[in-house]
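# Observations on the model geometry
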Amino acid sequence: MKDPLIALVVAASIVGCGVPAGVKTADNAQALTVHTVAWNPGAQPSSVKLVADLGADVVVFSDGAATIITDGTIASVDHRVPSWVSATTIPAPDGSGLWIVGVDANGQIWRLRARKGFEPISERYGLSNARVTDLCGFGGRFVGFSLADARTSLAVADGSEVARYATSPLSVLVGGSGMLGGLTRDGVWTFDARTRGARSYDLVGARSVAVDDQGGVFVETSRAIYSMREDGTLLLRYASSDLHGLVASHDHVWFADGPELGMLQGDSVMRTRAAKLPQNATLTGSPSGDVWALSGGALTRYAIGESPNTAARVRWEDAAQPVFGRVCSKCHASDGTSGVDLSTSDAWRKKRDLIRQRVLVDRDMPPKEQPIADLDRDSIKRWLDSPVL
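Read on for an overview of the structure. (Residues numbered from 1 in each chain as written. Predicted model: local features only at pLDDT ≥ 70, side-chain atom pairs only at ≥ 80, totals over all residues. Heavy atoms only, no water.)

For the rest of this paragraph, the subject is the overall build of the protein. The number of helices and strands found in the protein is six helices and 29 strands. Compactness check: the protein gives a C-alpha radius of gyration of 23 Å against a globular reference of 21 Å for 389 residues, within 12% of the reference. Dimensions of the protein along its principal axes, counting C-alpha atoms only, are 75 × 50 × 35 Å. Here the contacts in the protein between residues at least 6 apart in sequence split such that 46% fall between residues at least 24 apart. Accessible surface computed for the protein: about 18,600 Å², of which carbon and sulfur atoms make up 51%. If you average the places of the 40 positive and of the 43 negative side-chain charges in the protein, the two averages end up 2 Å apart. (Helix = DSSP H or I, 4+ residues; strand = E, 2+ residues; numbered from the N terminus. Rg over C-alpha atoms; globule rule 2.2 N^0.38 Å. Contact = heavy atoms within 4.5 Å. Areas by Shrake-Rupley, 256 points an atom, 1.4 Å probe, with all protein chains shown as cover. Lys, Arg positive; Asp, Glu negative; His and termini not counted. Charge placed at Lys NZ, Arg CZ, Asp CG, Glu CD.)

Written out as structure tokens, the structure reads:
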């Protein structure tokens, strides 16, 4: 599908003929506040190539290693794959949850198992003899696979079967809410899993495509970001001369604009004022809504808003730390007998779901030989229910 309107808008932005009314720029975008997240304090692997995360688990992929980090601590390192080319999360075929997966340089798919290492899973999708170049989950049990195959460049799994489709070769594959998006040599390509309908858009200079969890499609060139209208045409949303990244994270769409981070959410366009993002940083989305920036082999994780660390520590010291000192410290101090250190507010925050389950729901923690008063349980509940952890 060719759209002459798209070509006209792109030409106007490139030659500097002015930005159309309603299009945001660095000068009129709303202010965006972000903070860095301490995802792996003091022990980040070097020469990072890719990253994928899911809940408390982060997997950092480097040449010759996949480092599995759980709750900020390295759980294991898998050295079986010499080189990785793609990494993401996809739904399990039976709908039982999500998997962290990676694709190796030979086009084979691997998934993280039990936080210990990776196992090959290409045969589960009938792709053992195929060369996968990229993959993504895109809602429900749908998984899309970009293939290095001149005849069928796309495979789509729906949890029960895998179908193959003839498309132009896709260099990037992303998706959400039943919609796939990819980059071709000439522009952008989309696939709707509900209708099995595909569209292509000639867009010179398209470098990134993103699909949010509502199925919204966004496209980036070095000077413009577009969103797709319901009729399939593209709407110019943001113009700049230094764009270098676009990814979807949950319901957020992040972009990199020179040293700043930006976000499209609904009708709003926001941009930071002093993020100091490296000019060569590439972005990776997270199911949490955060965004990863990779530059020079080093990773930084960003989240929306002011850093919660100070407020969180104060609330913990007020509500939970006294209980910890009286009841929990024997087993859960840094040198405690349980081996699980809960001596800091950050440790409690990372284990908050488990603490709620064991202390308030199952009520099997602390153990019977270490009684806890109802007032102390109430204090822990007050901390867990706090809006700032």
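Picking up where we left off.
Here the focus is the sheet that holds strand β28 (residues 291–295). The strand order across the open sheet built from four strands is β2-β29-β28-β27, with neighbouring strands paired in antiparallel fashion. Each edge of the open sheet carries a strand with a single partner, namely β2 (34–36) and β27 (282–285). Recorded for the sheet is a direction-independent mean angle of 30° between the axes of neighbouring strands. By the bridge criterion, three bridges tie β2 to strand β29 (residues 298–304) in an arrangement that is antiparallel. (Pairing = 2+ DSSP bridges. Axes fitted to C-alpha atoms, helices over the stretch in contact; angles between N-to-C directions.)

Each regular strand shows side chains that alternate between the opposite faces of the sheet. Counted residue by residue, strand β16 (residues 179–183) has five buried out of five residues, so it is predominantly covered. Going residue by residue along β16, you find Met179, Gly181 and Leu183 tucked away on one face and Leu180 and Gly182 tucked away on the opposite face as well. Of the strand pairs in this sheet, strand β15 (residues 172–176) and β16 are connected by five bridges, and their pairing is antiparallel. Within β16, the residue paired with Gly175 across the bridge is Leu180. Joining the antiparallel neighbours β15 and β16 is a turn of two residues, in which Ser177 adopts a positive phi near 50°. Where β16 meets strand β17 (residues 187–192), five bridges bridge the pair, whose relative direction is antiparallel. Bridge pairing links Leu183 to Val188 in β17. (Buried < 20%, exposed > 50% of the residue type's maximum accessible area, 1.4 Å probe, protein only.)

Let's shift gears to unusual backbone geometry. The omega angle of the peptide bond from Met365 to Pro366 is 0°, so this bond is cis rather than trans. Residue placement: Pro366 occurs in the loop between α5 (352–361) and α6 (374–384). With a phi angle near 55°, Ala114 is a residue other than glycine that sits in the positive phi range. With respect to the helices and strands, Ala114 occurs in the loop between β9 (109–113) and β10 (117–120). With relative accessibility at 56%, the residue Ala114 sits in the exposed group. In this model, Ser177 sits at a positive phi of 50°, which is unusual for a non-glycine residue. Of note, Ser177 is situated in the loop between β15 and β16.

Take Gly95: it is sitting in the loop between β7 (84–91) and β8 (98–104). In this structure Gly95 comes out as partly exposed when scored by relative accessible area, which is 45%. Each C-alpha atom of the pair Gly95 and Val156 lies 15 Å from the other, and the pair is 61 residues apart in sequence.

To continue, consider the sheet that holds strand β25 (residues 260–265). Pairing within the open sheet is mixed, and its five strands lie in the order β1-β26-β25-β24-β23. Two strands lie at the open edges of the sheet, namely β1 (30–31) and β23 (243–249), each paired on one side alone. With five bridges joining them, strand β24 (residues 252–257) and β25 adopt antiparallel strand pairing. The residue bridging Ala256 from the neighbouring strand is Leu261, located in β25.

This next bit is on the pattern of salt bridges. Tallying each qualifying case throughout the model produces 17 salt bridges. The partner of Asp78 in a salt bridge is Arg80, with the nearest N and O atoms 3.1 Å apart. Between Arg356 and Asp385 there is a salt bridge, with the nearest N and O atoms lying 3.1 Å from each other. Here the residue Arg356 occupies a position in helix α5, and Asp385 occupies one in the segment after α6, the gap between them amounting to 29 residues. In this structure Arg356 comes out as partly exposed when scored by relative accessible area, which is 30%. Classification of Asp385 by relative accessible area gives partly exposed; the value is 43%. (Salt bridge = Lys/Arg side-chain N within 4 Å of Asp/Glu carboxyl O.)

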